[in-house]
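# Understanding the architecture of this molecule
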Amino acid sequence: MGHLTPSLRLAAALSTRGCRVTLITPHPNVSLAESNHLSAFLSSHPTIDHHPYHLPPSSHPTVDDPFFEQVHAIRCSLHLLRSILDRISLTALVTDIFFADSITGILSDLDHTPQLRPLHFFRQIPSSRISSHSTHGRRAAAVWESRARIPPCFAAGKRQSTAQVDGVLVNTFSGFEATALEALNNGRVVRNLPPILPSGMLPPVQMDIQGGGGGDEVVVGWLDAQPPGSVVLLSFGSRTAMSRDRIAEIAEALELSKQRFVWILKGSKVDREDKDDPFLDRIRAGGRSGLVMREWVDQAKILSHPAIGGFVSHCGWNSVTEAAARGVPVLAWPLNGDQKVNAEVVVEAGVGTWDRNWGWGGERLVGGGEIVRKLMELMGDAELKRRAASVGEETRRAVDDGGSFDRLLKLIENKSNNS
Ligand code: UDP
Ligand code: UDP
C-alpha cells in the first residue's frame, strides 16, 4: 500500500490535468487492501485505462515476506510487459523505483517510441559518489535514497547515466525538505543532475472502498465525541506486524497514561490474515478512552479529524507526509527499511520527535514506562504543536509545489509533439 497509494494519487492528479492515463498493475495482488483500493479507484476513475499484468505462479515460495515475494515475481516477469507497452501509444512512463532499471531496458527496445527517454519518479544515486561529499550533501543524499528504494539485492540491469534523464519527480514538498531539494538542484550532491521536482502534496483520492467493515464510520463517530486535539493515533503502516510483547508494552502505556487513543493494529504482514488477540480485551473493556482497530481504516482521513492531537508512527513515507500535511505532531518510532531516514526528516522539518535509543524494531523491547513518557511529551508540547501546524499550513498552500506539475506536463507535451 505504501507504493500503491502514491501511485494512485499521481495517476489521479495527472488525469485531472487532462493526461490520458493507463495503469498497469500486477495480478493477483498480495493483500485485500490493495485489491479493494484498486477496484475502488478504477470505478471512480472511468477514464483511466487499466491493464492487469498477470504474474506467473511464484517460483520463490521460500521468502517469508509475501510482499518481497511479489517484488521478486514481478522482476522475473517484466519481459511480459513488452506486449502491453507495445499496444499503448506511450509518451511518458512512470514506474515504481523497484522496477525502474529493468523497465528502462524494455523501453529502449520498443520500436515505436524513438523519442522516449525515461522520466523517473525516483532514481538512485551511485553511493560511491555520495560518500565523498560534505555532511550537508550526505544528508540530502540520504533523503534522496530513502525515496530511491532500490534495494542493493535488486540493483541489476543496465543503468543509464543521469544525464539522459529529463527530470526526477520526487514525492515530497519543498516546505518539508527544502535543504535537501536545494542541495540536489544546486549540484552539491552530484553534479549535472536533471531537475529534481517535488510533486507537492498529492491529494488523497476520494473513493468508495467496498468490502470494508465500516471501521471508518466507527472511528470518525467516536472521534466526533472527543475534545479537539485530545486523541493520539498509533499506526505502523500497512505491512508492519507487531509482535505480541510489543503490543503488550504499548497497551500498558496507553492504560497507564490514560491517554485517549485510536490504535490501528496489525498482527501480521498481510491484512487478510489478521486475527483478534484475546489479550487486547482488557484494554477494550477499560475502553471508553480508546479504540483498537484490527481492520483497514482510512488513516489519512483519521489524521484529518480535529480530535487528533498526535501521531505515533513507524515513519513510512506516506504516513510522514500525511501527518505533515495535516500539521499533526509525530512521535517517530521507525522499525525497519528507510524509516530512520524518514524519522530524521520528521525531526528536521520540526513536525515531530524521535528517541534514537529505541533502536530498530527487532533490536530491543521498549518498555511501557518509556512509551508513557514520550506519549505525554508528544501530546503536551505546545511548541511542537505550533511548529507542526505551521508546516501543515505551508504544505496546504503549496499543493502544486512551485509549479512542478506544470513542468512535468510540459515535458510530457514536448515528448508528445516530438514523437
Ligand atoms: N494506511 C491506511 N490504513 C491502515 C494502514 C495504512 O490508510 O490501516 C495507509 C497510510 O495512510 C499510508 C499507507 O497506508 O498511506 C502506508 O504507507 P506508509 O508509507 O506509511 O507505510 P508502509 O505501509 O509502506 O510501511
Ligand atoms: N528490502 C530488502 N529486500 C527486499 C526488498 C526490500 O532488503 O527483497 C529492503 C530494502 O533495503 C528497502 C527496504 O527493505 O529499502 C524497505 O523497502 P521498502 O521501503 O520498499 O518497503 P515498504 O515501504 O514497502 O515497507
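For the structure, see preceding data.
Residues numbered from 1 in each chain as written. Chains lettered and ligands numbered in written order. Predicted model: local features only at pLDDT ≥ 70, side-chain atom pairs only at ≥ 80, totals over all residues. Heavy atoms only, no water.

### A closer look at the site of ligand 1
Short version of the rule: For this purpose, a residue is taken to be near a molecule or strand whenever a single non-hydrogen atom of the residue falls within 4 Å of it. N or O atoms closer than or at 3.5 Å make up a polar contact, with two conditions inside protein: a donor-capable atom paired with an acceptor-capable one, and, for residues adjacent in sequence, both atoms drawn from side chains. Segments assigned H or I by DSSP are reported as helices when at least four residues long, segments assigned E as strands when at least two residues long, and all are numbered from the N terminus.
What surrounds ligand 1 is a group of 17 residues, the closest being Ser238, Val297, Asn318, Ser319 and Glu322. A distance of 2.9 Å separates an oxygen atom of ligand 1 from a polar side-chain atom of histidine 314. A distance of 2.8 Å separates an oxygen atom of ligand 1 from a polar side-chain atom of asparagine 318. By residue number, the principal contributor to the shell around ligand 1 is helix α13 (residues 317-326), which donates four residues.

### Points about the pairing of strand β2 (residues 49-54)
Just so we agree on the cut-off: If DSSP finds at least two bridges between two strands, the strands pair. Here the term right-handed applies to a crossover when the path leading from its first strand over the helix to its second strand runs clockwise, the strands being oriented away from the viewer.
Where strand β1 (residues 22-27) lies against β2, six bridges are found, and the strand directions are parallel. Following the sheet pairing, isoleucine 24 is matched in β2 by histidine 51. For the segment spanning β1, helix α2 (residues 32-44) and β2, crossover handedness is right-handed.

### A closer look at the sheet that holds strand β5 (residues 231-235)
Threshold: Fitting a line to C-alpha atoms yields each axis, with helices limited to the stretch in contact; the angle taken between N-to-C directions then spans 0 to 180 degrees.
Taken in spatial order, the six strands make up an open sheet running β7-β6-β5-β8-β9-β10, and their pairing is parallel. Of all strands in the sheet, those bounded by a partner on one side alone are β7 (290-293) and β10 (352-354). Between one strand axis and the next, the sheet turns through 15 degrees on average, direction left out of account. With three bridges connecting them, strand β9 (residues 330-332) and β10 associate as parallel partners. Its bridge partner lying in β10, leucine 331 is registered against threonine 353.

### Observations regarding the pattern of salt bridges
Our working definition: Just to be clear on terms, a salt bridge is a Lys or Arg side-chain nitrogen sitting within 4 Å of an Asp or Glu carboxyl oxygen. Relative accessibility under 20% of the residue-type maximum defines a buried residue, over 50% an exposed one, and the middle range a partly exposed one, all with a 1.4 Å probe and only protein chains included.
Inspection of every chain in the model, using the stated rule, returns 10 salt bridges. Two residues, aspartate 65 and arginine 239, come together in a salt bridge whose shortest N-O distance is 2.5 Å. Taken as a pair, aspartate 65 in the loop between β2 and α3 (66-76) and arginine 239 in the loop between β5 and α10 (244-257) lie far apart in primary sequence, 174 residues in all. On the basis of relative accessible area, aspartate 65 is assigned to the buried category, the value being 5%. Owing to a relative accessible area of 26%, arginine 239 belongs among the partly exposed residues under this scheme. Residue arginine 387 is joined to glutamate 383 by a salt bridge in which the shortest nitrogen-to-oxygen separation is 3.6 Å.

Interpretation in functional terms is not warranted from these geometric data alone.
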